[in-house]
Amino acid sequence: MRVASVSAARLFFTVALIEVATGVALFAFPAHFPTVIYAPLAPLTSRMAATLLAGGIILLLNLRYAPRRQVQRWLLAAGAVPLPLLSWIIWEAGGYTGVATYLLLAAALIAAGWTEVEDPFALTLGVVEVAAGLLLLFPPHGLPSPGFDPVRPIMPAAGVLGLLCGGLVLARKRLPPGWSPFAERFAAALPAVLVWNFWTARAWTGVLLWLPLGVAALVGQPVRPLGRAAGEPAGADDPDEQWAEQSLAHVESVTWVLVLLVVTTAALLGDEAATQLPNAVLFVLLLVGFNLVARWPGMLSLRAQVRLNLHLFVAGLAISLMLASPIRVALLPVVPAIPMISARAGGLRRGYAMLGAMLGVLSLAQILLPGSMSVSLPFGIAVGLMIIVLGAAWVHAGHAHRSLYRQLTETSQTLVQNNRVLQAANEELAAQREALAAQQDELLRQHRILVEQAMALSAQRDELLESEERFRTAFEYAPIGVALVDLDFVIMRANPALHDMLGYRRGDLTGVPLRQITHRDDLEEQESLLNAVRAGQAGSCAMEKRYLRHDGRAVWVAVSVALVRDAHGTPRYFVAQVMDVTDRRQAEEQLRRLAHFDPLTDLGNRRYFQRKLEAALDDPATPRGALFFLDFDDFKFVNDTLGHLAGDDLLKNLARVMTETLGGRGFMARLGGDEFGILVPGVDASGAEALAQDLLAAVRSQIAANPACPTYVTISVGIALYPDHGHTAETLMLHADLAMYQAKHSGGDRYCMYVAFEPLNGDEAGSAWEIRLRAALAEDRFTLVFQPILDLQLGEVTQYEALLRMVEPDGRQIPPGEFLPAAASCGLMPEIDRWVVRRAVETIAREQARGRRLTLSVNLSGQALNDPSLVPLVRDLIDRHQIPPGSLRFEVTESAAVTDLDQAAACIEALTDLGCEFALDDFGVGFSSLRYLKRLPVRTLKIDGGFIERLPDDPVDQSLVRSMVTMARGLGVRTVAEYVTSDRALEMLRRCGVDAAQGYYVGPPGPLPEEAGQAV
C-alpha cells in the first residue's frame, strides 16, 4: 500500500521523529537520564538507542521509497518493534502514560499497513489522549514514578483535559463546519502540559514522546521528510538539476544508513565504544541534525545541486571524524564517491573542488581530532594518495557520465521534440484526412439530396400534372356548380353545371362579379363571409342564399367557399361549390306550413296556436286578452248523415265566416276536429262577450243563408281571460275548454265565461264530473296512497299497491269508485292511467335514490291496454329513471281485458319485455277467469275479496281458495288474497298455501312509510 494521504504521512513521520530523537538522545546523552527514573534503562541504553534509530530510519526509508503494499506492511511492523520494547522498560520505571502511548503508536503503525482508515493520525492522536486522560484521572497505583511529581497536584485536571482533547479530535466529523481544525489545534494542550511536566522532572523520553505529538497537532501538515516542498524551484527543464534531485534522495538515505551503522557498532562494542569510537556522538549528531535541517523550507528553497554538494561535504566531514575508529575501512570507500557525485552533478571543476575539500577535511581531522595521530604517517600518505587517485578517476568517470547523460538527454529531448513535431504533423494530416473524408461524405450526401430532390420534383411534377388533370375532369364534369373566384369576388372560371344552373351559355360567367348574380337581400351576408375568409379569420364558409338566373328568376343554392393559398401562404383565389337546393327549400317551406297550419281551413293548428298564446302572455305590450274555444254542436251528426266531404265544406265555410267576423283583432286556429281557438290580445271581458255574440250571430246567419246547411248546426263558445283566469297557456286553454263544455252542456249556441267550479245537480252531474276531472288533471290534483302486501312465508311486507285518489280544492280526497266511471264515460281514463304510471315510477326512483328498493303494483284500466302510447311511455320512464326490473307491477281485471283479449295480451307481453310484471285482479268473479289465466302472461293471481270475507267459517270458500292455490302453483303463478280483515283469516290463508295477503288487517291505504322497501 502506498501512502495515499497526508494524515498517514503525518503519523509515520511523527513516529519516526519520536524514535530517531529518542534514539539519538539515548546514544549521545546517556549521562543526562536520571538514575532514579531510568534505572531499568541504564544497562540497555546503547542497544535501545540503536533499536530506536533502526526503527525510525526504517520508517523514513519506507516513506521515501514507498515500496509495494506487502513489503510496506512488514517495514511498518519492523518500524513499530522498538516501541513495545521501550514501553516495557518504561513500565518497569512506572511511566504508565508512556507505556500506553508507545503501545498505541505501535498498534497504529501496524493497523495502517493492513487497513484503510480515513484519517489515521487524528484517530491515533484522539485515542492516545483519551487513554492518557483516563490514566491521569484514574492513576493506577497512584503513578508512583517521580516523573509525574510536577503534575501530581493537578493530575485530575490534566486527565479531564486529556479526555476533552481526545474527545474533540474523535468527534471532529460531527462538529460544525470549521471546527475540525480547531479541535486538532486544541489537542496540543495535553502534550504541552505533559512536556512541561517531564521537562521539569527531567524525564527526557516523555519530552521526546509528547513534544513531536504536540507539534504535529499544531502543524496542519508535517515538515516534509522526503521530496521537494511546494514552491521549491523545480528545474524540470534542467537534466543536471533533475539528476541532482534524485541523487540527493539517495545521499540522504546513505547518511541514515551510516548513522545506523555507527550506532549499531557502538551498541556492539558496549563499554569499549567510548575508546574505539571516540567521535561517534559527534558523527551521529552532525548527520542526523543536517538531515533534519535539510528538510526545512529555507534549505529546500536552494537549488538541488547546492543542497547535494552540502550533503556530500557534511557526509565527508562526518566520515573524517571516524578515521581513527575500527569502522574506517567501511567508511573510506565512500570518500572517493563524494567528488564523483559532485562531478556528475556539476562538472569537473566542482568534482575536483569537492575532492580537494575532502582531502583538506581529512587532513584537518588527522591533525585536530583526538586519537587521529594513532595512524602511521606512511599509512596516512598511502590513504591520501589512494583517495586522490581514486577520486580523480571517479571525478572523470562522473564527468564522463554527466556528458554522456547530457548528450543522451539532449538527443532524447531532440527526439521527443521531433516526435512531437511528427505527432503534430500526423495529427494535422489525420485532421486533414478526416476533413477531406467529411467533405467527401458531405458532397455525397448533397449529391444524394440533389438526386432525391430531383426525383421528388419529378414525382411532384407528375403528381401535379395528374392532379391538374383530375381537377380539370372533376371541374368540368362535376354534377354541382364549381367556380374559381378571384380576391375581388369576380368569377375567373365556372364549370358547365353552374352555367346550366343559372341559364348562361358556356363561358358567359367568366368575368362576372358575384354581386351581379346574387339576390340583393343576400349581398351583405355573402360579402361579410367572404371578407372573413380572405382575412384569415375563417378557413372556409358555407351559406344558403339566392342566385339570380339569366332570366331574372331566383334559385336557392347552398354555397361552400374555401380560400386557396400558394406555398408561402399568400391568398390566390376562392373555390366555390354551388348546389341547387330550390326543391329542398320549397319542400321545407311546405313542411313548415303543414307543421303550423291546417290544410283544410288554411288556419293555424294547435301547436302554432299555443306558441302564439305563449308569445302573447310574454309580451308586456298586451298584459290583458281573451282566449276563445269554439266547438260545433252536433257536428258528428253532419258527418254521419251528410258525409265527411260535406262536413269538410261546412267547416271551411264556417271558418271563413268566423275569420271575416274576427277581422284583424286576433288570431284564429283550428285545434282539431270541429274545435277552433281564437286569441284576441288587449280585450277585456265586455269586449270578449261582444265578440262571442258576433261570432254566434255570424254562424247563425251563414247557416240560415245556405239552404244546404243543416239548421241544427250551432257553436258553443268558451272564454277565458288573462291574467284573470290563468297565467300559463296550459291553464288558459284548459279553462277556456271547460267554459266551452259548460256552454255546450247548457244547450249550445251560446258562450260561457270561465268561472270556478260549482257542483251541479240532476242531468248535469255527468258533465260536472267531466269538468272536475279535467280541472284535476290540469291542476295536478290527484294523489297516490299505498296499501302494504304481506308475504306470508317471509312474514314481512315486500310490496305495496298504489291506489288513486282525487283531491278537491278544499283538500277532501275522493275515492276512485266515485270518479272512475265518469272518467271512463268521458274518455279520460287513458290520461289518468298515464298520470298514475308516471307518479308510480317517480316514487320508485325517489326511494331508490334514498337507498331503498320499492316494489309497487299499479291498476290499469281496460282502455289503457288499448292505448298505443302506454308502452312507449313506460319504456321512456324506465330508461329515464333507471328503476330496477320487477319493481313496477301492473294489475288488470277480467272486465279490463275482456273487450279485446288479443290486444290486451300483446300489451302485457310488451310491458313484460320491459321488466314489468302483471297480476290478474279480482280473480274468480267472472266466468272467464280460466280463459284469461290461460291467454294472458300474468305472474300473480289476486283472489277476490268475496272468497276471503267468510273464509275462516265457510268450508266452501276454503275449498275454492285451496283449488285456486293448487291451480296457480301448477302454472307457476303466485297468489295474493284481498280484503283480509282478521287474524283468523290470515291464519287460514297460511294453511291454504296463499303466498301473500292484503287488507285492512295487514295495513290500510295511506302515505308510504319511512321504512318502506328493502335496503339496497
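Parameters at a glance
- Residues numbered from 1 in each chain as written.
- Predicted model: local features only at pLDDT ≥ 70, side-chain atom pairs only at ≥ 80, totals over all residues.
- Heavy atoms only, no water.
- Axes fitted to C-alpha atoms, helices over the stretch in contact; angles between N-to-C directions.
- Helix = DSSP H or I, 4+ residues; strand = E, 2+ residues; numbered from the N terminus.
- Parallel < 35°, antiparallel > 145°, perpendicular 65-115°, else oblique.
- Left-handed = near helix turned anticlockwise from the far one by under 90°.
- Contact = heavy atoms within 4.5 Å.
- Nonpolar A, V, L, I, M, F, W, Y, C, P; charged D, E, K, R; others polar.
- 1 Å grid on protein atoms, 1.4 Å probe; cavity = no way out; pocket = protein on both sides within 12 Å on 5 of 7 lines; lining within 4 Å.
- Points joined across faces, edges and corners; volume = space filled by probe spheres on them.
- Buried < 20%, exposed > 50% of the residue type's maximum accessible area, 1.4 Å probe, protein only.
- Patch = residues over 30% accessible without salt bridge, like charges linked within 9 Å, V, L, I, M, F, W, Y side chains within 5 Å.
- Areas by Shrake-Rupley, 256 points an atom, 1.4 Å probe, with all protein chains shown as cover.
- Salt bridge = Lys/Arg side-chain N within 4 Å of Asp/Glu carboxyl O.
- Polar contact = N/O pair within 3.5 Å; in protein donor to acceptor, adjacent residues only side chain to side chain.
- Pairing = 2+ DSSP bridges.

**Some details on the packing of helix 7 (residues 120–137) against helix 10 (residues 189–201)**
Here is step 1 of the chain: With their axes 11 Å apart at the nearest point, helix 7 and helix 10 run at an angle of 50 degrees to one another. The angle between helix 7 and helix 10 falls in the class oblique. Judged by the twist between their axes, the crossing of helix 7 over helix 10 is left-handed. Contacts from Glu129, Ala132 and Leu136 in helix 7 reach Leu190, Pro191 and Leu194 in helix 10.
Here is step 2 of the chain: Here the residues of the contact of helix 7 with helix 10 sort into five nonpolar, no polar and one charged.

**Digging into the layout of surface pockets**
Here is step 1 of the chain: Taken as a whole, the largest pocket spans an internal volume of roughly 840 Å³.
Here is step 2 of the chain: Lining the largest pocket are 34 residues, and of these Glu801, Leu803, Pro816, Asn859 and Asp921 sit closest to its centre.
Here is step 3 of the chain: At the level of elements, strand 12 (796–807), helix 31 (816–825), helix 32 (829–849), helix 33 (862–865), strand 16 (888–893), helix 35 (894–897) and strand 17 (917–923) are the ones that each hand at least two residues to the lining of the largest pocket.

**Remarks on empty space enclosed by the protein**
Here is step 1 of the chain: A complete count under the given rule lists six cavities of 30 Å³ or more for this structure.
Here is step 2 of the chain: If you add up the space inside the second largest cavity, you get close to 110 Å³.
Here is step 3 of the chain: In terms of lining residues, the second largest cavity is bounded by 16 residues, among which Val485, Leu514, Tyr547, Val559 and Ala576 are the most central.
Here is step 4 of the chain: Classifying every residue of the lining of the second largest cavity gives 14 nonpolar, one polar and one charged.

**What to know about the environment of Leu59**
Here is step 1 of the chain: Here Leu59 lies in helix 3 (residues 45–65).
Here is step 2 of the chain: Assessed through its relative accessible area of 0%, Leu59 is described here as buried.
Here is step 3 of the chain: Along the chain, Leu59 and Leu75 lie 16 residues apart, while their C-alpha atoms are 7.1 Å from each other.
Here is step 4 of the chain: Excluding its chain neighbours within four sequence positions, the residues that come into contact with Leu59 are Phe12, Val15, Ala16, Glu19, Leu76, Gly79 and Leu109.

**Some details on a nonpolar patch on the surface**
Here is step 1 of the chain: On the surface, Val117, Leu123, Val127 and Leu170 cluster together to form a nonpolar patch covering roughly 270 Å² of accessible area.
Here is step 2 of the chain: Turning to its location among the elements, Leu123 is positioned in helix 7.

**Comments concerning the side chain of Thr124**
Here is step 1 of the chain: Following the sequence through the fold, Thr124 ends up in helix 7.
Here is step 2 of the chain: Polar side-chain contacts of Thr124 include one of 2.7 Å to the backbone oxygen of Pro120.
Here is step 3 of the chain: Beyond its immediate stretch of four places on either side in the chain, Thr124 contacts Leu11, Leu105 and Ala108.

**Side note on the sheet that holds strand 4 (residues 554–565)**
Backbone hydrogen bonds are what pair the strands of a sheet, in a parallel or an antiparallel way.
Here is step 1 of the chain: Reading across the sheet, the five strands line up as 2-1-5-4-3 and stay open at both edges, with antiparallel pairing between neighbours. The sheet is open, and its two borders are formed by strand 2 (491–494) and strand 3 (540–548), each paired with just one other strand. Averaged over all adjacent pairs, the angle separating strand axes in this sheet is 30 degrees, with direction ignored.
Here is step 2 of the chain: Relative to strand 5 (residues 571–580), strand 4 runs antiparallel, the two being bridged by nine bridges. Counterpart to Leu563 in the pairing with strand 5 is Phe574.

**Structural notes on the environment of Thr265**
Here is step 1 of the chain: Residue position: Thr265 is located in helix 12 (residues 239–269).
Here is step 2 of the chain: According to the relative accessible area criterion, Thr265 is buried, its value standing at 17%.
Here is step 3 of the chain: Here the alpha-carbon distance between Thr265 and Ala50, two residues 215 residues apart in the chain, equals 8.8 Å.
Here is step 4 of the chain: Not counting the four nearest positions on each side in its chain, Thr265 is found in contact with Leu277 and Ile327.

**What to know about the packing of helix 7 against helix 8 (residues 155–170)**
Here is step 1 of the chain: Contact geometry for helix 7 and helix 8: axes closest at 7 Å, N-to-C directions at 160 degrees. It follows that helix 7 is roughly antiparallel to helix 8 by the angle criterion. Two packed elements cross with a definite hand, and for helix 7 against helix 8 that hand is left-handed. Between helix 7 and helix 8, the contacting residues are Ala122, Leu123, Gly126, Val127, Glu129, Val130, Gly133, Leu134, Leu136 and Leu137 on the first element and Met155, Pro156, Ala158, Gly159, Val160, Gly162, Leu163, Cys165, Gly166, Gly167, Val169 and Leu170 on the second.
Here is step 2 of the chain: Residue composition of the contact of helix 7 with helix 8, by class: 15 nonpolar, six polar and one charged.

**Focus: the environment of Val512**
Here is step 1 of the chain: When you line up the elements, Val512 lands in the loop between helix 21 (496–502) and helix 22 (514–517).
Here is step 2 of the chain: The residues touching Val512, leaving out its near neighbours within four places in the chain, are Val490, Ile491 and Ile517.

**Details of unusual backbone geometry**
Here is step 1 of the chain: Residue Pro723 is bonded to the preceding Tyr722 through a cis peptide linkage, with omega at 15 degrees.
Here is step 2 of the chain: With respect to the secondary-structure elements, Pro723 resides in the loop between strand 9 (714–722) and helix 29 (729–745).
Here is step 3 of the chain: The phi angle at Phe489 is positive, at roughly 65 degrees, despite the residue not being glycine.
Here is step 4 of the chain: In this fold, Phe489 is placed in the loop between strand 1 (481–485) and strand 2.
Here is step 5 of the chain: By relative accessible area, Phe489 is classed as buried at 12%.
Here is step 6 of the chain: If you check the backbone angles, Asp780 has positive phi at about 55 degrees while not being a glycine.

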